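# A look at the structure
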Amino acid sequence: MSPRQRRMLAILTVVAASLGAGACTTAGSYDPTPLFTPSAAASPSPSASTTPSPVPDGTDVATTNCLKSYAPAATLPTPGRMPAGSTMDRIKKRGRLIAGVSADTLLLGARNPVSGQIEGFDIDLLRGVSQAIFGDPNKVELKVITAAQRLPALQDGSVDIVARNMTITCARWKDIAFSSEYYRSGQKVLVRLGEKAENGGPITGIASLTGKKVCAPNGSTSMDKLRTFEGVEAVGADTHTGCLVLFQQGAVDAITGDDTVLAGLAAQDPYADVVQAPAFTAEPYGLGVNQANVDFVRFVNGVLEDMRADGRWTKSYNTWLADSLGKAPAPPEPVYGRAS
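Okay, so let's go over this structure. (Residues numbered from 1 in each chain as written. Predicted model: local features only at pLDDT ≥ 70, side-chain atom pairs only at ≥ 80, totals over all residues. Heavy atoms only, no water.)

### Things to note about unusual backbone geometry
With phi around 90°, leucine 107 is a residue other than glycine that occupies positive phi space. Structurally, leucine 107 is set in the loop between β2 (104–105) and β3 (109–111). The phi dihedral of asparagine 165 falls on the positive side, at around 35°, and the residue is not glycine. One can find asparagine 165 in the loop between β6 (161–162) and α6 (170–173). (Helix = DSSP H or I, 4+ residues; strand = E, 2+ residues; numbered from the N terminus.)

Below is the structure:
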């Protein structure tokens, strides 16, 4: 997709989402997300490091136990020939993988208004899982859910997997299971160009937003963190696109979220700017799976190992994120060691 095509997609997406709120596009420019750089290229092996990727100084620290997932087998089964009785076999017999996704998070998971297809970095990962099960990347039913619906959708079995820029946390491990980390993001803030703090100074981060209304999606770690800042009025919405509508209507002064998400929002509004300051949280993304389906978690981790090793992870990053977040880093190194 060319830069011009992306700009046109951004224009059409925000017009549809905001029911007529005018917008044109300009890419946000800010510090790239700090990512762990492994000492050697990742390879499909269940013996990966049991030490978590380091997080940026001054951010919330993800502990080893939070990032540990289930080690994959040394090799994946042949596509179309899943182990009898496995979760993957059940999915194959159904004929499609059912995945919970976003349809309005530009660059990660957003509906292309021209083709009608949902596309982005998260969606590419799901197509990799579909390829590994069926030998066909397109046997995926994408079910649009909000951030708050991610855990319930996995718990009640309405989806097999969630790929919706979901942060791996210890609290969430109590309710669902996670794949290994596939991307390290960080929380930042987006404001209007020229926005000033209460004292008339520049906005330098979340601490500069005292007395202002700041939006984040309900049920997200971004909202959880936002509520810890005294003097900032937290305003919830179902999605980040909902926050963008409130922002464009003047109902909120700023939006907070992962840098990946804010990059997509900034691309949709020429009057929006991501504050050029270090991320104040570490947001390790994982694919969510029902706790009971440990075999599927191991399988997904094997798929991610292959995508890191054969260049598909980097190709997808370059397609969707490089323009806003800079040159592709090395993928986060997987952390295993969780017991069944």
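Structure's up, so let's keep going.
### Here we look at the state of the cysteines
With the rule as written, the count across this model stands at two disulfides. In this model, cysteine 66 is linked to cysteine 170 through a disulfide, with the two sulfur atoms separated by 1.7 Å. An S-S torsion of about -95° defines the bridge between cysteine 66 and cysteine 170 as left-handed. Taken together, the residues cysteine 66 in helix α2 (residues 64–67) and cysteine 170 in helix α6 connect sequence positions 104 residues apart. Residue classification places cysteine 66 among the buried positions, given a relative accessible area of 6%. Using a relative accessible area of 37% as the deciding quantity, one classes cysteine 170 as partly exposed. Here cysteine 215 engages in a disulfide with cysteine 243; their sulfurs sit 2.1 Å apart. Disulfide cysteine 215 to cysteine 243: torsion about the S-S bond roughly -75°, handedness left-handed. Here cysteine 243 lies in helix α8 (residues 240–249) and cysteine 215 lies in strand β10 (residues 213–217), a separation of 28 residues in the sequence. The exposure class assigned to cysteine 215 is buried, which follows from its relative accessible area of 0%. Among the cysteines of the protein chain that take part in disulfides, numbered as they appear in the sequence, the pairing is 1-2, 3-4. (Disulfide = S-S within 2.5 Å. Buried < 20%, exposed > 50% of the residue type's maximum accessible area, 1.4 Å probe, protein only.)

Function cannot be read off these values alone, since they describe shape.
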